[in-house]
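Next come the chains, spelled out residue by residue.
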Amino acid sequence: MSEQQYDADVIIIGSGVMGGVIATQLAKAGKSVIILEAGPRVTRAEILERYRSSPFKMSLTNMKLQGVGSPYPDLPHVPSTYGDYLQQSGPVKYPTKYLRVVGGTTWHFGSALWRMIPNDFKLQSLYGRGRDWPFGYDELEPWYGKAEHELGVSGVDGQDESGQGGKAWPPRSTPFPMPGLPTSYLFERLTEKLLKGGYNPVLEPNGRATRPYGRRPVCAGNNNCNPVCPIAAKYDGSQHIDEAERLGVKLLDNSVVYRIEADDSGAISSIWYRKPDGSNHQLKAKTFVLAAYGIESPKLLLMSTSDKYPNGIANSSDQVGRNLMGHTGISMNFMMNEDVWPGEGPTELLVYLNNRDGEFRKRFPSYKIKVRNTVPTADYTASLIAKGVLGTELDRQIRLLSARSLNFAIDFETLPLPENRVVPSKTKTDAIGIPVPDIYYSVNDYWEAGKDEGVKDFHQFAELLGGEILKIDTKYQDRQHIMGTTIMGDDPRTSVVNADCRTHDHPNLFIAGTSVMPSSSCMNPTLTGAALSLRLAHHLLTQVLV
């Protein structure tokens, strides 16, 4: 193919944080880039107006109503994942909520930006569980530092993020770009009480600015990071997309990629996308990067069948769509015996990591216990009114619940089980004729053993804090952390991409993001995905686009 036949040096499918980070790096180096995004552009002003006008307010403790209260678009050509877009065929529901808009899911994420720790990269060799990565923490460490600066992470230098209250961990070659957020009265009281039981407080590294950072102002503690930061103090992927476009990247929104084509040599030759009016269009490039997150990426690969590739693109291993992971968790509603006033500052910050790593991982998974710093006042009010509580007593009880009611949540590490997978639906399509995702998800005895340990911690928390357990919910809560489905490994027979995120089957197709991760740890995966994406961009610039 001659040079003039290419539409760009690189075509990137997906405009979330991973696609935006890669596009920005390539554009800085003078490469021509086209990004395709299935969904529309949104503005902060319109999202805020929808949020204000909604009778139901989304929150981390109000997931069941988010389909009603989501301020993000639900369009025929890109149905919202808050509705019934995702088909569920497994014994455990996987009702993940990702956004199909320019900028992607970080628009509404809680903003936790953690590094994995060294032992997370060798789960199989150390503990006989799951898979090992094809490289260790040391390989990714400098890219973690670069990702923290790209995304603007605030955190506590010198903190032991293993949860053991010891020396700084994991090893770092660079400090956080910004100091951590101040703690609240709630966090100070919990720290004082739980330390007596050996629970060491850890403050979460996050993407909220504690000083002016680029175009971002200082976090004002609005406490609705989910669904949207009203002042753009929290990082989201639209910020990298804006930068990429300033550098000359071309972005095509409302462009749903539905097919990837390979030539006779195995190289990817073109992609096809569909507009809301049903028209189809083709684009060609030297190199392609798939950054459509862990549900849409495998679905697209599996839809792209042909005589030469009857099982889809990049799928000679039959691993595309398999090994779906997520931090399936449990939670506890708790009533303190004193006023602690949650809701001051961001929605998440204080966590407990006593079971982040150790020999126990041979028996049960690592897990994180987090304090959900939210006050769902509308929920409290509706519940009280339904019970007939009115007048001054209603006011008194709203104040009591707002001051003392807490929610603790546990995120469990899950394993890359090949039966947990995403495939294109055989029975249902969206409004423009593209199959919706069909998800099979389950948990095994390893997860169940972790649940039992987590419930013990909840009861220990209750004893140390003094108060009343209102409810412990163990019904497989989804934490919106999509991993696996295009898994990384050295062996083409058992993985989809190699250590450089290049597909084993196609020399010019790369996959970016958390879908390539061979293990999930118990920590939010966004920073790991961003570090991998920066490493991939460097590889493209030094080894591929030369």
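Residues numbered from 1 in each chain as written. Predicted model: local features only at pLDDT ≥ 70, side-chain atom pairs only at ≥ 80, totals over all residues. Heavy atoms only, no water.

A closer look at the pairing of strand 10 (residues 280-283)
Sheet faces and side chains relate simply in a regular strand, where the side chains alternate between the two faces.
Link 1 in the chain: The pairing of strand 9 (residues 268-274) with strand 10 spans four bridges and is classified as antiparallel. Pairing of isoleucine 271 across the sheet is with leucine 283, part of strand 10.
Link 2 in the chain: Linking strand 9 back to strand 10 in an antiparallel pair, the connection comprises five residues, with glycine 278 at a positive phi of about 90°. (Pairing = 2+ DSSP bridges. Helix = DSSP H or I, 4+ residues; strand = E, 2+ residues; numbered from the N terminus.)

Structural notes on the state of the cysteines
Link 1 in the chain: Here the structure, examined in full by the defined rule, presents zero disulfides.
Link 2 in the chain: With no disulfide partner, cysteine 219 has as its closest neighbouring cysteine sulfur the one in cysteine 225, 6.2 Å distant. (Disulfide = S-S within 2.5 Å.)

As for the sheet that holds strand 17 (residues 435-440)
Strand pairs in the sheet, formed through backbone hydrogen bonds, run parallel or antiparallel to each other.
Link 1 in the chain: Taken in spatial order, the three strands of this open sheet run 3-17-16, and their pairing is mixed. What marks the edges here is a single partner per strand, and that holds for strand 3 (87-88) and strand 16 (421-429).
Link 2 in the chain: Direction of pairing for strand 3 relative to strand 17: parallel, over a ladder of two bridges. Bridge assignment links glutamine 87 to a residue of strand 17, and that residue is aspartate 438.
Link 3 in the chain: Where helix 8 (residues 293-303) meets the sheet, it contacts strand 16 and strand 17, and its direction lies at approximately 70° from that of strand 16. (Contact = heavy atoms within 4.5 Å. Axes fitted to C-alpha atoms, helices over the stretch in contact; angles between N-to-C directions.)

Regarding the packing of aromatic side chains
Link 1 in the chain: The full count for this structure, using the stated rule, is 14 aromatic pairs.
Link 2 in the chain: Geometrically, the ring pair formed by tyrosine 199 and tyrosine 352 is edge-to-face, given 6.3 Å between the ring centres and 90° between the ring planes. Pair noted here: tyrosine 199 is in the loop between helix 6 (185-194) and strand 6 (201-203) and tyrosine 352 is in strand 13 (residues 348-352), with a separation of 153 residues, a long-range link. For the residue pair tyrosine 199 and tyrosine 352, the accessibility class agrees, reading buried in each case.
Link 3 in the chain: Both rings, one in phenylalanine 412 and one in tryptophan 447, keep their centres 5.4 Å apart while their planes meet at 75°; by these two values the pair is edge-to-face. (Phe/Tyr/Trp six-rings, centres within 6.5 Å; stacked < 30°, edge-to-face > 60°. Buried < 20%, exposed > 50% of the residue type's maximum accessible area, 1.4 Å probe, protein only.)

Overview of the pattern of salt bridges
Link 1 in the chain: With the rule as written, the count across this model stands at 33 salt bridges.
Link 2 in the chain: The closest approach of N and O atoms between glutamate 338 and arginine 189, which form a salt bridge, is 2.7 Å. Of the two residues, glutamate 338 sits in the loop between strand 12 (329-336) and strand 13 while arginine 189 sits in helix 6, which places them 149 residues apart along the sequence. Like glutamate 338, the residue arginine 189 is buried in the burial classification. (Salt bridge = Lys/Arg side-chain N within 4 Å of Asp/Glu carboxyl O.)

Quick notes on the sheet that holds strand 9
Link 1 in the chain: Taken in spatial order, the three strands make up an open sheet running 8-9-10, and their pairing is antiparallel. Bordering the open sheet on either side are strand 8 (256-262) and strand 10, each of which pairs with just one other strand. Direction aside, the axes of adjacent strands within the sheet are offset by 25° on average.
Link 2 in the chain: Here six bridges tie strand 8 to strand 9, and the two strands are oriented antiparallel to one another. Paired with valine 257 across the strands is tyrosine 273, a residue of strand 9.

Let's talk about the environment of lysine 196
Link 1 in the chain: The topology assignment puts lysine 196 in the loop between helix 6 and strand 6.
Link 2 in the chain: On the basis of relative accessibility, which here comes to 69%, the residue lysine 196 falls in the exposed class.
Link 3 in the chain: Along the primary structure lysine 196 and leucine 464 are separated by 268 residues, whereas in three dimensions their C-alpha atoms are 7.5 Å apart.

Observations regarding the pairing of strand 17
Link 1 in the chain: Burial analysis of strand 17 places five of its six residues in the buried class, which makes it a mostly covered element.
Link 2 in the chain: One ladder, built from five bridges, connects strand 16 with strand 17; its direction is antiparallel. By the bridge assignment, arginine 421 is partnered in strand 17 with tyrosine 440.
Link 3 in the chain: Hairpin connection of strand 16 to strand 17: five residues between the antiparallel strands, including glycine 433 at a positive phi of 85°.

Examining the environment of phenylalanine 56
Link 1 in the chain: Of note, phenylalanine 56 is situated in the loop between helix 2 (44-53) and helix 3 (66-69).
Link 2 in the chain: Here phenylalanine 56 falls in the partly exposed class, since its relative accessible area comes to 34%.

What about unusual backbone geometry?
Link 1 in the chain: A cis amide bond, omega 0°, links tryptophan 169 with the succeeding residue proline 170.
Link 2 in the chain: Relative to the assigned elements, proline 170 resides in the loop between strand 4 (154-155) and strand 5 (178-179).
Link 3 in the chain: Geometrically, the link from asparagine 226 to proline 227 is a cis peptide bond, its omega value of 20° lying close to zero.
Link 4 in the chain: In this structure, proline 227 sits in the loop between strand 6 and helix 7 (238-246).

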